[in-house]
Amino acid sequence: MNNHRVYLDNAATTRMDPEAVAAMTPYFTQAYGNPSSVHGYGREARRAVEESRAKLARALNASPDEIYFTGGGTESDNWAIKGAAARMSKKGKRVVTSAVEHHAVLHTCEELARGGFEITYLPVTDQGIVQPAALASAMKPDAAIVSVMTANNEIGTIQPIAELAAVAHEYGALFHTDAVQAVGSIPVDVKALGVDMLSLSAHKFHGPKGIGALYVKKGVRIDTFIHGGAQERGRRAGTENVPYIVGMGAAIELAVERMDETGGRVRRMRDRLINGLMERIPEIRVNGDMERRLPGNANVSIRYVEGESLLLALDLKGVAASSGSACTSGSLDPSHVLLAIGLPHEIAHGSLRLTLSGGNTDADVDYVLEELPKIVTRLRDMSPLFADAAAAR
């Protein structure tokens, strides 16, 4: 039994910050009122919801009345794109997105296509970047919405969102960005980016799972996604999840406060991990742009091994990692992101995503640098493809 445990799957979810847990706790058993109730219990819950809304607004440089609470990043993406598509359909029925989006966006676009919308998928460079010129060439008069993620969940590439939003606005289209991987990790300023809508999810920045938010710029109208009561100013019905909203508010405040220190330390660990793997393992490549990259993301492809075999072997050594998005972990197909940046299937199948957070240590990096090369050597020794390649050299 291996007693060494290293968590390097922070892009899938993060450990809750103990201070966020402590902030949430009273709202389960003490201040448990419904925020829509007019009595003292309800007013206490309402104050907590609005304080958290203000914390999120400050983190994004938004106004509190531009923040709407949702059940998570996936709901936020669905609401933004479907709600804007319905409202903008008189202008046109075209949605423009990229080939490397999270499936919460891609599957939403597929659903809209079944309802008569045209979907344009933008190509990316071999580093996973959507170029503003590519967006400009794809825009047509019927383009109603453009949706491009702030940072990629698999390869960590950060997109030129401000430039892309400016192009969309030139053609009268609304611009949405899925910032689920970015918020809490890098500075995200909705005014500087010029976006109309932005999605985020608490569990990516050490908050609770099952709670997220959607920023909607003042003056932008999108259709209501969930109908019922008058919660969230009549735009998203359902009793607010007060403890989780409080936990998200506490987590974003802590993430922003610690961002500079934590980001620098995580970036140094990431670079040491990537450089160490490149030195120790032959025929390995880094996926994504090394400059425009999330601090904690290390995504590599290792030839002549299967990603799933790497994950199982690492798990036996106590290391938690992934081969791509947690939302597609049951799929046997190679990552659509890696195929979009031009990797052939056989190399894309050997991808490994190692994602760090402030909770990781240099000792974690040392352990992976010690164990992963041995795992690769063992797997390659069993690979007929590696044997054939060695014989051909």
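Small disclaimer: the values here were computed from a predicted structure and weren't measured.

1. Describing the sheet that holds strand E4 (residues 118-122)
Reasoning step 1: With mixed pairing, seven strands are arranged side by side in an open sheet as E2-E8-E7-E6-E5-E3-E4. Of all the strands in the sheet, the pair left with one neighbour each is strand E2 (67-70) and E4. Between one strand axis and the next, the sheet turns by 20° as a mean value, whatever way the strands run.
Reasoning step 2: As defined by bridge partners, strand E5 (residues 143-147) adjoins strand E6 (residues 174-178) across three bridges and the pair is classed as parallel. Across the sheet, residue Val146 finds its bridge partner in E6, namely Phe175.

2. Quick notes on the pairing of E5
Reasoning step 1: Within E5, five of the five residues are buried, which leaves the element mostly enclosed by the surrounding structure.
Reasoning step 2: For strand E3 (residues 94-98) and E5, the ladder comprises four bridges, and the chain directions are parallel. Pairing of Val95 across the sheet is with Ile145, part of E5.

3. Quick notes on the sheet that holds strand E9 (residues 284-286)
Reasoning step 1: The three strands lie next to each other as E9-E10-E12, forming an open sheet whose pairing is antiparallel. The sheet is open, and its two borders are formed by E9 and strand E12 (351-355), each paired with just one other strand. Between one strand and the next, the sheet's axes are offset by a mean angle of 25°, whatever the strand orientation.
Reasoning step 2: Examined bridge by bridge, strand E10 (residues 297-302) and E12 share five bridges and lie antiparallel to one another. Bridging across to E12, Ser301 finds its partner in Ser351.
Reasoning step 3: This element, helix H10 (residues 242-280), spans E9, E10 and E12 of the sheet and lies at about 15° to E10.

Calculation notes
Residues numbered from 1 in each chain as written. Predicted model: local features only at pLDDT ≥ 70, side-chain atom pairs only at ≥ 80, totals over all residues. Heavy atoms only, no water. Pairing = 2+ DSSP bridges. Helix = DSSP H or I, 4+ residues; strand = E, 2+ residues; numbered from the N terminus. Axes fitted to C-alpha atoms, helices over the stretch in contact; angles between N-to-C directions. Buried < 20%, exposed > 50% of the residue type's maximum accessible area, 1.4 Å probe, protein only. Contact = heavy atoms within 4.5 Å.

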